[in-house]
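Each chain is listed here by its residues.
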Amino acid sequence: MLVYFIDKTLKSNIISSQVLPLAKTTYKGEYIFLIHKSNKKKIKYLNINIRFYSRLRDFLQYKNVKEVYVRDIKTFFFLYLWKILRNKKYNILYDFRGLLNEESFYRNNSLLRKKILFHVEKFIARKADRLHTVSNKFKEYLVNVFKTNKDIQVVPCCSLERHPRQREKEESIKFVYIGGMSSWQKPKSIAKLCQQISQQIPNAHFSVITGDVQQANAIFNPFSIPNIEIKSVPHHLMSKELRKYDFGFLLRDDIPLNNVASPIKFVEYISNGVIPIVSPGIGDFSELVTTEKIGIVYKFKDSINKEEIFKFLEDPDIEERLYKISTTYLWSTYYELFWMRSDNS
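Sequence order as written defines residue numbering, which begins from 1 separately in each chain. Totals for whole chains, interfaces and linings use all residues, but because this is a predicted model, local features are given only for residues with pLDDT of at least 70 and pairs of side-chain atoms are given and counted only at 80 or more. The side-chain quantities take in all heavy atoms of the structure and omit both hydrogens and water.

(A) Looking closely at the sheet that holds strand E6 (residues 130–133). Read from one edge to the other, the open sheet built from 7 strands follows the order E3-E2-E1-E4-E5-E6-E7, with strand pairing classed as parallel. A strand with exactly one partner marks an edge of an open sheet, and here the two such strands are strand E3 (50–53) and strand E7 (151–154). Taking the axes of each pair of neighbouring strands and ignoring which way they run, one obtains an average angle of 20° across the sheet. Strands are labelled as partners when DSSP assigns at least two bridges between them. The helix count covers DSSP runs of H or I at least four residues long, the strand count covers runs of E at least two residues long, and both are numbered beginning at the N terminus. With 4 bridges joining them, strand E2 (residues 31–36) and E3 adopt parallel strand pairing. Paired with Ile-35 across the two strands is Phe-52, which belongs to E3. Against the sheet, helix H4 (residues 111–127) touches strand E5 (91–96) and E6, its axis set at about 135° to E5. By definition in these notes, contact holds between two residues if any of their heavy atoms fall within 4.5 Å. For every element, the axis is a line fit to its C-alpha atoms; helices are fit only across the contacting stretch, and the angle between N-to-C directions ranges from 0 to 180 degrees. Docked against the sheet, helix H5 (residues 136–144) engages E5, E6 and E7, running at close to 160° with respect to E7.

This is the structure:
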């Protein structure tokens, strides 16, 4: 039996979009998604085998467990200690979705807390039986910094579908940003960039799609950007909405936290034919944009040249390249990989 252990810290929308899709697989063995009961009324079931738990020790009722998937520290140590103390034979697959020590330092600026979490994550990287992570840059980090020699599979954030698109020529060029207004998502830098573009391309149109419209207005309005709308769009309509736009913004600081990341925003853009405008150092994506010629890498100290924008709009093959690359980020590409079993499973 394969058990996916999902604790209460994971938001229900992430469970539905980035965890439960893994159940659509060619794997024929028995499996269970063991999800904390706090998400019971919020997640989409997708016709898969789900059980809910309230305490970690509820896991102990399951027999013949061959492998356990886990992505949080607390559950890992519970499973690891139980395995050692009771001589259990299951393998632990730990999924590194982010660098907790860097995230903690970014939020709290505590060097002591960062050092503690660094050694905790290093221990996990060395003691888990298998590892998953979201980018090749993250895999390099695990090998070079944590010095692990474990089996590491790269499984980025993915989409369930992609949409072929034939871009139609319109009077205005449409730019979009989707996401929150937290400082690490660089909304002020995006506003400044929109302002620069509007000065070069007067008929450019900008949309900010966010769950926090009020805060977005407070951030963007002082920049006096013409032709801008700020709105909220239900998640189930997001793909249809994105297909209206030409370019999408994804900006981050060039720091270790972002150097190993795999923002789902990038995948949402390219799977709907939106040309990404990214900053340097975002996981594998910034380099991918350059090597595959599917978008623009924007450095904060520079400005985007309008000729570069028109170059992509006039490129007859840009849609084909975006569609091809988006295949790499479909869940169907990773189903067999995620359920890959050892010979004795």
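(B) Inspection of the packing of aromatic side chains at higher detail. For this analysis, a ring pair means two rings from Phe, Tyr or Trp (six-membered ring only for Trp) whose centres lie within 6.5 Å, classed as stacked if their planes differ by under 30 degrees, edge-to-face if by over 60, and tilted for the remaining angles. The final tally for this structure, using the stated rule, is 23 aromatic pairs. Relative to Phe-96, the ring of Tyr-94 lies with its centre 4.8 Å away and its plane at 65°, an arrangement referred to as edge-to-face. One exposure class covers both Tyr-94 and Phe-96, and it is buried. Note on Phe-96 and Phe-138: the rings are 5.9 Å apart at their centroids and 55° apart in plane angle, and the pair reads as tilted. Of this pair, Phe-96 sits in strand E5 while Phe-138 sits in helix H5, placing them 42 residues apart in sequence. One aromatic cluster in this structure is built from Phe-76, Phe-77, Tyr-80, Tyr-94, Phe-96, Phe-118, Phe-123, Phe-138, Tyr-141 and Phe-146. Placement of a positive charge over a ring is assigned whenever Lys NZ or Arg CZ falls within 6 Å of the ring centre and within 35 degrees of the normal to the ring plane. Against the face of Phe-105 rests Lys-114, its NZ or CZ located 5.0 Å from the ring centre. One residue, Arg-162, lies across the ring of Tyr-323, its end atom 3.6 Å from the ring centre. The classification of residues rests on relative accessible area computed with a 1.4 Å probe and restricted to protein chains. Under 20% of the type maximum is buried, over 50% is exposed, and intermediate values are partly exposed.

(C) Layout of the environment of Pro-316. In this structure, Pro-316 sits in the loop between helix H12 (306–313) and helix H13 (318–327). Residue classification places Pro-316 among the exposed residues on the basis of a relative accessible area of 71%.

(D) Layout of the sheet that holds strand E9 (residues 205–209). Sheet architecture is open: 6 strands sit in the order E10-E9-E8-E11-E12-E13, paired in parallel fashion. Pairing within the sheet leaves two strands with one partner each, and these edge strands are strand E10 (228–231) and strand E13 (296–297). The pairing of strand E8 (residues 174–178) with strand E11 (residues 247–250) spans 2 bridges and is parallel. Bridge pairing links Val-176 to Gly-248 in E11. Taken strand by strand, helix H6 (residues 187–200) contacts E8, E9, E11 and strand E12 (275–278), and its axis lies near 145° from that of E11.

(E) Spotlight on H4. Helix length check: H4, at 17 residues, gives a terminal C-alpha distance of 24 Å against a target of 24 Å (1.5 Å per residue), a fit within 8%. Burial in H4 covers these residues: Leu-117, Glu-121, Ile-124 and Ala-125. End-on view of H4: buried residues confined to an arc of 95°, all on one side of the axis. Across H4 from its buried face, at more than 90 degrees, point the exposed residues Leu-112, Lys-115 and His-119. Those residues of H4 hidden inside the fold are in contact with helix H2 (73–85), E5, helix H3 (100–108), E6 and H5. Working rule for helices: expected span equals 1.5 Å times residues minus one. Think of the arc as the fan of directions from the helix axis to the C-beta atoms.

(F) Molecular detail of unusual backbone geometry. A positive phi angle, near 55°, is found at Lys-147, a position not held by glycine. Inspection of the secondary structure puts Lys-147 in the loop between H5 and E7. Looking at Lys-147, the relative accessible area reads 54%, which means it is exposed.

(G) Structural view of the pattern of salt bridges. What makes a salt bridge here is a side-chain nitrogen of Lys or Arg within 4 Å of a carboxyl oxygen of Asp or Glu, nothing more. Counted according to the given criterion, the structure contains 11 salt bridges. A salt bridge links Arg-55 to Asp-58; its shortest N-O distance comes to 3.3 Å. A relative accessible area of 16% means that Asp-58 is categorised as buried. A salt bridge links Lys-244 to Glu-241, with the shortest nitrogen-to-oxygen separation between them at 3.0 Å. Among the charged side chains, a salt-bridge network with shared partners connects Glu-229, Lys-231, Glu-241 and Lys-244.

(H) Representation of the environment of Cys-158 within the structure. On the secondary structure map, Cys-158 appears in the loop between E7 and E8. Distance from Cys-158 to Lys-311, taken between C-alpha atoms, is 28 Å for residues 153 residues apart in sequence. With near-sequence residues (within four places) excluded, Cys-158 lies in contact with Gln-18, Ile-264, Val-267, Tyr-329, Leu-330, Trp-331 and Tyr-334.

(I) View of the pairing of strand E1 (residues 2–6). Across the 5 residues of E1, 5 count as buried, placing the element largely inside the fold. Every second residue of E1 is oriented toward a common face, with Leu-2, Tyr-4 and Ile-6 on one face and Val-3 and Phe-5 on the other, all of them buried. Pairing analysis gives 5 bridges linking E1 to E2, with the strands arranged parallel. Directly across from Tyr-4, in E2, lies its bridge partner Phe-33. With 4 bridges connecting them, E1 and strand E4 (residues 67–70) associate as parallel partners. Across the sheet, the residue bridging to Phe-5 is Val-70, located in E4.

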